[in-house]
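# Inside the fold
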Amino acid sequence: MASAPNPPRVPKPKATQPSHYHESFLEKKGPSDPDYRKFWAGLQGLTIYFYNNNRDVQPLEKLDLRTFVKLTDEAPQGSTWDAGLHFSLVLRDQEIKFKAESLESREMWKGFILTVVELCVPSNLTLLPGHLYMMAEILAKEEARRAGELPSCFLKVNRVDAQLLLERYPECGNLLLRPSGTGADHVSVTTRQVFCGKPIVRHYKVKREGSKYVIDVEDSFSCASLDAVVDYFVSHTKGALVPFLLDDDYQKVLGYVEADTENGESVWVVASAPGPGPAPPTDGPKPPPPVSSQNKPPLPPLAAPPSQEENYNYVTPIGDPPTPDYENQEVILSRRLIAMKPKKVAEHPAKPLKPPILPRPDLRGHTGIPARKPPGSSCQALFPTTRLGDVTAELEEKLQRRRRALEQ
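Residues numbered from 1 in each chain as written. Predicted model: local features only at pLDDT ≥ 70, side-chain atom pairs only at ≥ 80, totals over all residues. Heavy atoms only, no water.

### Side note on the packing of aromatic side chains
- Using the criterion set out here, one finds 7 aromatic pairs in the structure.
- Between Tyr232 and Phe233 the ring centres are 5.8 Å apart and the planes differ by 90 degrees, which places this aromatic pair in the edge-to-face class. Like Phe233, Tyr232 is buried.
- The ring of Phe50 is capped by Lys28, whose NZ or CZ atom sits 5.6 Å from the centre of that ring.
- Sitting over the face of the ring of Phe25, Lys38 holds its NZ or CZ atom 5.1 Å from the ring centroid. (Phe/Tyr/Trp six-rings, centres within 6.5 Å; stacked < 30°, edge-to-face > 60°. Buried < 20%, exposed > 50% of the residue type's maximum accessible area, 1.4 Å probe, protein only. Lys NZ or Arg CZ within 6 Å of the ring centre and 35° of its normal.)

Laid out in structure tokens, this is it:
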């Protein structure tokens, strides 16, 4: 029977990198890195992605800018390198050092980072008009992106849960957005601060009016998005309120880099969860079910066989051995050893000894002619018999001689 032809091989769709606001080579050194490592870096939204090269699709590392604090221009202490190539990114919980390829590349990285974080084009950097125009375009994209998504500090919790989160994780921030209890599209803001050792919790209402969000305070303030609401609370409290952000640096899905044999490029592969194992074949013999030993009593150790000396020095018990007790269809062996008597070998009557066989006499003469038997010859002539009466008389005579010798 002819086998069906194999279906045509469809080439895998080639993955492409996401569009970045800005990208170039950048050397990075984290708090636990002994030295700088070179990456292909790309900025998208509030995240910087780091790749092995500019052809990779899956990033090796990423850096979240939602905990941004400031940017500084500092060269490593005791270094002879050009200080104009280095800058530091200070976050809430760490400080990352970078080294750019040139002074222009460093200023562009600082400008794009400040644009997406502060939602404004910086004016205190050494930038060309074309660079400022590019950052204005990125600012419009970022504002449109944030208008269609919720800020990171927005959690779908009620008032009590919001207070518990701020109390349990104070290092993650003290400002949290949540749905309002009144329903509709209204939002509530919950804050928690410590004053004189006592926690102070406040709740604020944010009303949705058309495409605007109105903060319900003494002097009402209108915002275009929820991110603008968060910026209002942070800026008007001089940074005392920090948006709540749980630590999500740890991944939940295992993945690894694998080389594609077709084009030689690296591909990010997500490892599948291990299954229960291959199913046994239906046609073959079924394996025996596992035997559970939870309800079975342990068997006693077997006694060693008696030695050769014990076979002769045994004791026969007077009473009968105890009857075995049955549990779960098993017999518990007795620990008492009963020696058995060896069986006696049946004695067979001794067989009578056979008389010796003597060679037959040669009846031939010296001439080689067989001699004739004398008449009246028989086997009795060869074996003369001794009379019993002659032996008795001889013994009696010897006894009498000994008696007479003793009497004398």
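There is more to say after this.
### Describing the environment of Phe98
- Here Phe98 lies in strand 7 (residues 95-99).
- Classification of Phe98 as buried rests on a relative accessible area of 1%.
- Note: C-alpha distance between Phe98 and Leu26 (72 residues apart in sequence) is 6.8 Å.
- In this structure, Phe98 is in contact with Leu26, Glu27, Lys28, Tyr36, Phe50, Leu63, Leu85, His86, Phe87 and Leu89, ignoring residues within four places of it in sequence. (Helix = DSSP H or I, 4+ residues; strand = E, 2+ residues; numbered from the N terminus. Contact = heavy atoms within 4.5 Å.)

### As for helix 4 (residues 226-236)
- Looking only at helix 4, the buried set comprises Leu226, Asp227, Val229, Val230, Tyr232 and Phe233.
- As for helix 4, its buried residues are in contact with helix 2 (129-147), strand 8 (175-179), strand 9 (187-195), strand 10 (198-209), strand 11 (212-215) and strand 12 (221-223).
- In the stretch just after helix 4, Lys238 is the one whose phi turns positive, near 55 degrees.

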